[in-house]
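# Inside the fold
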Amino acid sequence: MAEEADGGVSSRAERKALEKARILQRESERKIFSLVGRLLKKPEAERSEEEAAVLRLHRDTVEELCRRQVRRNGLKRKQEEVCDDAEELKTKIRLLAAAVKQANHLVVYTGAGISTAASIPDYRGPNGVWTQLQKGRSISSTDLSKAQPTLTHMCIRTLHKEKLVKHVVSQNCDGLHLRSGLPRPALSELHGNMFIEVCTACSPVREYVRLFDVTERTSLHRHGTGRRCNHCGDELRDTIVHFGERGTLEQPLNWKGAAEAAGTADVILCLGSSLKVLKKYACLWCMNRPASRRPKLYIVNLQWTPKDDLAVLKINGKCDEVMSLLMEELNLQTPAYDRADDPIFSIATPLLPEEVQSHSREVISPPGGQEDCSVETEQQMDEALSVQGGWFGRGYGKGRRRKKKAA
């Protein structure tokens, strides 16, 4: 028994010694990396003989730090926004216009970049939500209810009306495609719509379109909005698809329409999307076909995208500017957004009297009407403006919590 006890003590001592040795080794490696990193920042001509000897001694560390710097520089270049000059832009627009005219089945894929003109931040741009959070910066308040369809939204609607665009596949949750007047059968909102809540207990799924952001209380894996179905009494849920979730709702996601459109597309135009998410949806790119039989790809974005090398044409420019020039080249007039023609007012389901105070988000006022704010207190309005919770605010709140914890 005494021998077993001695063996146990010896074993514990050995484990502690090994762990201590590992800790000391990691600390030594950190010091070496720090020292070599400081020396590499100095111009070679200014390094002393001793410093040069240190770099020769730790050649593997030097190579690793150089590889890391190359990767950082590459990532930095990919995040930079690049604009084509005026002449190059006009040339590319002419090529794009020719492709639009010749296309038999043109499908448009849209991302956050088409809504920045509506004061809705993008995600990966220099001032994007995730970019700012990664830098530990706070994000300014954004009143999403005041957003209106941009010139790009209205151009896409016009192109569809002229039968030049067959289908629109959007990653955006802001509902601006719907509000532009684009018919719902021609639209796939892959990540949901902030104005729509549904009852999945009803068959078929019952839909409620609202005049406010229904995602105030929702987040990843928590989709209940707090309101109830008028028919079965079950709790309503939002339609948002967060990262880590799989969208299964037939509407407004309309995956069937998106897949069918991609299957018959001969030209795909990507507007304002980084394509870092869309590239993962193989059914949208017809990857089961030989490369020569896949749709021709045209991309409009200020930043690098992972599909740039596969594109027939990459246009570095802002979506509104590019679409405005494209419509001129096509000799098409684009109507301005008119709130009186916004379909959301005709399809919206009014709240029941007992539901009026079920949210604190600002309501979209009807044409010529005044919003009734009597049910909202000043505190509720402040909460609404700070954009906490929901499809956009969840990342915002997470960043704030992380910042407070770090502090």
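These notes cover the structure that comes with them.

Further remarks concern a positive patch on the surface. Taken together, the side chains of Arg77, Lys78, Lys276, Lys279 and Lys280 make up a positively charged region of the molecular surface. On the secondary structure map, Lys279 appears in the loop between β8 (267-271) and β9 (296-300).

What follows deals with the pattern of salt bridges. This model, assessed by the stated rule, comprises 14 salt bridges. Two residues, Lys42 and Glu51, come together in a salt bridge whose shortest N-O distance is 3.1 Å. Residue Glu51 is classed as buried on the basis of its relative accessible area of 18%. Between Asp342 and Arg179 there is a salt bridge, with the nearest N and O atoms lying 2.8 Å from each other. Of this pair, Asp342 sits in the loop between α9 (319-329) and α10 (344-347) while Arg179 is found in helix α7 (residues 176-179), placing the two residues 163 residues apart along the sequence. Per residue, the accessibility class of Asp342 equals that of Arg179, and both read buried. A network of salt bridges, in which partner residues are shared, links Glu64, Arg67, Arg68 and Arg71.

Here we take up helix α4 (residues 86-102). Look at α4: 25 Å from first C-alpha to last across 17 residues, which is about the 24 Å you get at 1.5 Å a residue. Within α4, the full set of buried residues consists of Leu89, Lys92, Ile93, Leu96, Ala97, Ala99 and Val100. Along the axis of α4, the buried residues cluster in a sector spanning 160°; they form a single face. Counted as exposed and oriented over 90 degrees from the buried face of α4: Glu87, Lys101 and Gln102. Considering only its buried residues, α4 is in contact with β1 (106-110), β8, β9, β10 (313-315) and α9. Regarding α4, its N-cap is Asp85, as a side-chain oxygen of that residue lies 3.2 Å from the backbone nitrogen of Glu87 further along.

Tallied over the full model, the rule gives 2 aromatic pairs. Where Tyr109 meets Trp285, the ring centres are 5.4 Å apart and the plane angle is 85°; that geometry is what we call edge-to-face. With Tyr109 in strand β1 and Trp285 in the loop between β8 and β9, this pair connects stretches of sequence that are 176 residues apart. Judged by relative accessible area, which is 6%, Trp285 ranks as buried. The interplanar angle of 90° and the centroid separation of 4.9 Å between the aromatic rings of Trp255 and Tyr281 together place this pair among those described as edge-to-face. Residue Trp255 is found in helix α8 (residues 255-264), and its partner Tyr281 is found in the loop between β8 and β9; the two are separated by 26 residues along the sequence. Using a relative accessible area of 24% as the deciding quantity, one classes Trp255 as partly exposed. The ring centre of Trp285 lies 4.4 Å from the NZ or CZ of Lys307, which sits over that ring.

What follows deals with the pairing of strand β4 (residues 196-199). Neither face of β4 is left uncovered, since the one carrying Ile196 and Val198 and the one carrying Glu197 and Cys199 both have all their residues buried. Of the pairings in the sheet, the one linking β4 to strand β5 (residues 206-209) comprises 4 bridges and is antiparallel in character. Of the residues in β5, the one forming a bridge with Glu197 is Tyr208. In this structure, the hairpin formed by β4 and β5 is closed by a connection of 6 residues.

Glancing now at the sheet that holds strand β2 (residues 167-170). Across the sheet, which stays open at both edges, the 6 strands sit in the order β3-β2-β1-β8-β9-β10 with parallel pairing between neighbours. With partners counted over all chains shown, the strands left at the sheet margins are β3 (187-189) and β10, one partner each. The sheet shows a mean angle of 15° between the axes of neighbouring strands, direction not considered. As paired strands, β9 and β10 are joined by 3 bridges and run parallel to one another.

It is worth spelling out the nonpolar core at this point. By size, the foremost hydrophobic cluster in this structure holds 32 residues, and its most contacted members are Leu96, Leu269, Leu271 and Ile315. Looking at this core, the elements with two or more residues in it are α4, β1, α6 (151-161), β8, β9, β10 and α9. Residues within four places of Leu96 in sequence aside, it is in contact with Leu269, Tyr298, Leu313, Ile315 and Leu326. Ranked by size, the runner-up nonpolar core spans 17 residues in total, among them Val107, Leu190, Ile268 and Leu278.

This next bit is on helix α3 (residues 59-79). With 21 residues, α3 extends 31 Å from end C-alpha to end C-alpha; this agrees with the ideal 30 Å at 1.5 Å per step. Thr61, Val62, Leu65 and Gly74 are the residues of α3 that are buried.

Along the polypeptide, Ser180 turns up in the loop between α7 and β3. Among residues more than four places away in sequence, those in contact with Ser180 are Pro149, His153, Met154 and Arg157.

Taking strand neighbours across the sheet as the criterion, the 4 strands line up as β5-β4-β7-β6 in an open arrangement whose pairing is antiparallel. A strand with exactly one partner marks an edge of an open sheet, and here the two such strands are β5 and β6 (224-228). This sheet shows a mean twist of 35° between the axes of neighbouring strands, independent of strand direction. Pairing of β6 with strand β7 (residues 235-238) involves 2 bridges; the strand directions are antiparallel. The partner of Gly224 across the bridge, within β7, is Arg237.

What follows deals with the pairing of β8. Among the 5 residues in β8, 5 count as buried, and that is most of the element. A two-sided burial pattern is seen for β8, the buried positions comprising Val267, Leu269 and Leu271 on one face and Ile268 and Cys270 on the other. One ladder, built from 5 bridges, connects β1 with β8; its direction is parallel. In the sheet register, Tyr109 faces β8, and the bridge partner there is Cys270. As judged from the 5 bridges shared by β8 and β9, these two strands associate in the parallel manner.

What counts, and where the lines are drawn
Residues numbered from 1 in each chain as written. Predicted model: local features only at pLDDT ≥ 70, side-chain atom pairs only at ≥ 80, totals over all residues. Heavy atoms only, no water. Patch = residues over 30% accessible without salt bridge, like charges linked within 9 Å, V, L, I, M, F, W, Y side chains within 5 Å. Areas by Shrake-Rupley, 256 points an atom, 1.4 Å probe, with all protein chains shown as cover. Salt bridge = Lys/Arg side-chain N within 4 Å of Asp/Glu carboxyl O. Lys, Arg positive; Asp, Glu negative; His and termini not counted. Charge placed at Lys NZ, Arg CZ, Asp CG, Glu CD. Helix = DSSP H or I, 4+ residues; strand = E, 2+ residues; numbered from the N terminus. Buried < 20%, exposed > 50% of the residue type's maximum accessible area, 1.4 Å probe, protein only. Expected span 1.5 Å × (residues − 1). Arc of directions from axis to C-beta. Contact = heavy atoms within 4.5 Å. Polar contact = N/O pair within 3.5 Å; in protein donor to acceptor, adjacent residues only side chain to side chain. Phe/Tyr/Trp six-rings, centres within 6.5 Å; stacked < 30°, edge-to-face > 60°. Lys NZ or Arg CZ within 6 Å of the ring centre and 35° of its normal. Pairing = 2+ DSSP bridges. Axes fitted to C-alpha atoms, helices over the stretch in contact; angles between N-to-C directions. Core = buried A, V, L, I, M, F, W, Y, C linked by side-chain atoms within 4.5 Å.

The analysis is restricted to geometry; functional conclusions fall outside its scope.
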